[in-house]
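What the coordinates show
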Amino acid sequence: GIGLAIALRAGKEGGRVAVAAKTATPHPKLPGTIFTAAEEIERAGGKALPLVCDIRDEESVKSAIQKTVEKFGGIDIVVNNASAISLTDTQNTTLKKYNLMHEINARGTWLVTKYALPYLIESGRQNRNPHILNISPPLTIKEQWFSGHVAYSIAKYNMSLCILGWAGEFREHGIAANALWPVTAIDTAALNMLDDLLASKSRTPQIVADAAQLILTKDSTRFSGNFVLDEVILREHGQTEFDHYLVTPGNRDLALDYFIEEEVFNKLKLLWKEDAKKKDPKL
């Protein structure tokens, strides 16, 4: 999914990537393991360290951080991508699901960053451009983003609240903290399990990875505390071609992701129409 796409994008740039996740053996429904991910990263040109890690467990996180530092000599970037999702209302959300989403999305993000922080501070001292990137939504506090799935929304927004706080807390160390969120639905294995029709109206994870690369190569002392949308930042950097991200070629009837303001989406739809007319004046 998105995490692997970001890791592969870093690999193409020669990055050294620690893959910290639970999947050490193949899942019956979700493809890939930390080991196959590491192989793909190395084929792309990077170095990879597969680590079995449950970010809900403090000792597991501490061990993964230590092994990463022992292998690569430090940490310059933390990408908090891991999340759990249950789009259920309050009555239909079990306590088990509530706990899972908060332990992974909010608590896990905070825990990983906490134990990576000393190495990010050292990265800042050495002017290595340290970054924290959370895959979490813009902080737009409106009823519509919460009422359908309160438990999920507050867990996900907690990741964004971390960015708001960390941008200020870590500024003196030259550490950037930013959030990135896709405008449209993104085609992942999990999405295909939930809704294959929605997946057909989505984009590939590569668009998020390309946007992440732009964020993570910005000057960490000058670009922090931002809630970035993937297509928006790509357009800001001059990109006008987006068709290669379409899951279904030619299908521009894209599904809007959660937490995207209608005003933003309408502006982008006009740009999509302009892009299409440039390719085919008859449209």
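Coordinates for the structure precede this section.
Since this is a predicted model, take the numbers as computed values, not measurements.

**Thoughts on the pattern of salt bridges**
Under the defined criterion, the tally for this structure stands at 12 salt bridges. When the shortest N-O distance is used, the salt bridge between E231 and R235 registers 2.8 Å. Taken together, the residues E231 and R235, both in helix α9 (residues 230-236) and four residues apart, mark about one turn of the helix. Residue E263 pairs with K267 through a salt bridge whose shortest N-O separation is 3.7 Å. Residue E263 and its partner K267 are located together in helix α10 (residues 262-279), separated by four residues, close to a single helical turn. Of the residues examined, E263 reaches a relative accessible area of 57% and is grouped as exposed. Judged by its relative accessible area of 53%, K267 is exposed. A cluster of three or more residues bridged by salt bridges with shared partners is formed by R203, E231, R235 and D275.

**A short note on the packing of helix α1 (residues 2-12) against helix α8 (residues 206-216)**
Contact geometry of α1 with α8 gives a least axis separation of 8 Å together with a crossing angle of 50°. Taken together, α1 and α8 sit at an angle that is classed as oblique. Of the two elements, α1 crosses α8, and the hand of that crossing is right-handed. Here α1 contributes I2, A5, I6 and R9 to the contact with α8, which in turn contributes Q206, V208, A209, D210, A212 and Q213.

**Quick look at the pairing of strand β4 (residues 131-135)**
Regular strands show a simple pattern: their side chains alternate between the two faces of the sheet. β4 sits mainly inside the fold: five of its five residues count as buried. Residues H131, L133 and I135 point to one face of β4 and I132 and N134 to the other, with burial holding for every one of them. Here strand β3 (residues 77-80) pairs with β4 via four bridges, running parallel. Bridge pairing in β4 links V79 to L133. Between β3 and its parallel partner β4, the chain crosses via helix α4 (residues 95-125), and the hand of that crossover is right-handed.

**Here we look at the side chain of H149**
With respect to the helices and strands, H149 occurs in the loop between β4 and α5 (150-169). Given a relative accessible area of 10%, H149 falls into the buried group. The residues touching H149, leaving out its near neighbours within four places in the chain, are S86, L87, T88, Y258 and F259.

**As for the sheet that holds strand β5 (residues 176-181)**
Read across the sheet, four strands follow the order β3-β4-β5-β6 without closing on themselves; strand pairing throughout is parallel. Of all strands in the sheet, those bounded by a partner on one side alone are β3 and β6 (227-229). Ignoring which end each strand starts from, the neighbouring axes of this sheet average 25° apart. Seen against the sheet, α4 touches β3 and β4 and runs at an angle of roughly 175° to β3.

The rules behind the values
Residues numbered from 1 in each chain as written. Predicted model: local features only at pLDDT ≥ 70, side-chain atom pairs only at ≥ 80, totals over all residues. Heavy atoms only, no water. Salt bridge = Lys/Arg side-chain N within 4 Å of Asp/Glu carboxyl O. Helix = DSSP H or I, 4+ residues; strand = E, 2+ residues; numbered from the N terminus. Buried < 20%, exposed > 50% of the residue type's maximum accessible area, 1.4 Å probe, protein only. Axes fitted to C-alpha atoms, helices over the stretch in contact; angles between N-to-C directions. Parallel < 35°, antiparallel > 145°, perpendicular 65-115°, else oblique. Left-handed = near helix turned anticlockwise from the far one by under 90°. Contact = heavy atoms within 4.5 Å. Pairing = 2+ DSSP bridges. Right-handed = clockwise from strand over helix to strand, strands pointing away.

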